Amino acid sequence: GVLIGKRSWGGGIWLSSDNNLVDGGIATAPEYGVFNDKWGWGMGIEAQGVEPDIEVDNNPREVYDGHDAQLERAIKKLKNWLKDEPIPDPLAPAKKPDMSLKD
């Protein structure tokens, strides 16, 4: 797929949030890691993040006002993709034979 937005935060080793403190706070700790032979721990995103294919930043004030530049860019990308590679309408399924026991 095409990633649109900003680089992700870079967490590939997941944090637990079940360490409750007496004051009602929570202490998080790296707990659940993922590993593969190519990327090692964190699947190649730990402390690096994932770069988007199309970089679009959201202005916090515009988001507050209901304008999401990332979503709008994604919709534009999808509309162009559908124009370039239209999806044909599926064919109606064949009529099933009457298997009832009626005369």
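So, how was this worked out
Residues numbered from 1 in each chain as written. Predicted model: local features only at pLDDT ≥ 70, side-chain atom pairs only at ≥ 80, totals over all residues. Heavy atoms only, no water. pLDDT = per-residue confidence, 0-100. Helix = DSSP H or I, 4+ residues; strand = E, 2+ residues; numbered from the N terminus. Expected span 1.5 Å × (residues − 1). Polar contact = N/O pair within 3.5 Å; in protein donor to acceptor, adjacent residues only side chain to side chain. Contact = heavy atoms within 4.5 Å.

Chemist: I keep staring at the confidence of the model for the protein and nothing clicks. Help me out?
Modeler: Close inspection of predicted coordinates is inappropriate for parts of the model with low pLDDT. The share of residues in the protein with pLDDT of 70 or more is 93%, and the mean pLDDT across the chain is 86. The element-level mean pLDDT for the protein is lowest in strand 5 (residues 40-41), coming to 71, with strand 6 (residues 54-55) highest at 97.

Chemist: Would you mind going over helix 2 (residues 69-84) with me for this structure?
Modeler: Owing to its 3.6 residues per turn, the α-helix brings residues three or four apart onto one side. Over its 16 residues, helix 2 extends 22 Å from the first C-alpha to the last, a length consistent with the 22 Å expected when each residue adds 1.5 Å. Structurally, the start of helix 2 carries an N-cap: the backbone nitrogen of Gln70 is 3.1 Å from a side-chain oxygen of Asp68.

Chemist: So what exactly am I meant to see when it comes to the side chain of Asn58 here?
Modeler: If you trace the backbone, Asn58 turns up in the loop between strand 6 and helix 1 (60-64). At 3.1 Å, the side chain of Asn58 forms a polar contact with the side chain of Asp68. Here the side chain of Asn58 touches Ala69 through a polar contact of 2.8 Å, landing on its backbone nitrogen. Residue contacts for Asn58: discarding those within four places in its chain leaves Val63, Asp68, Ala69 and Gln70.

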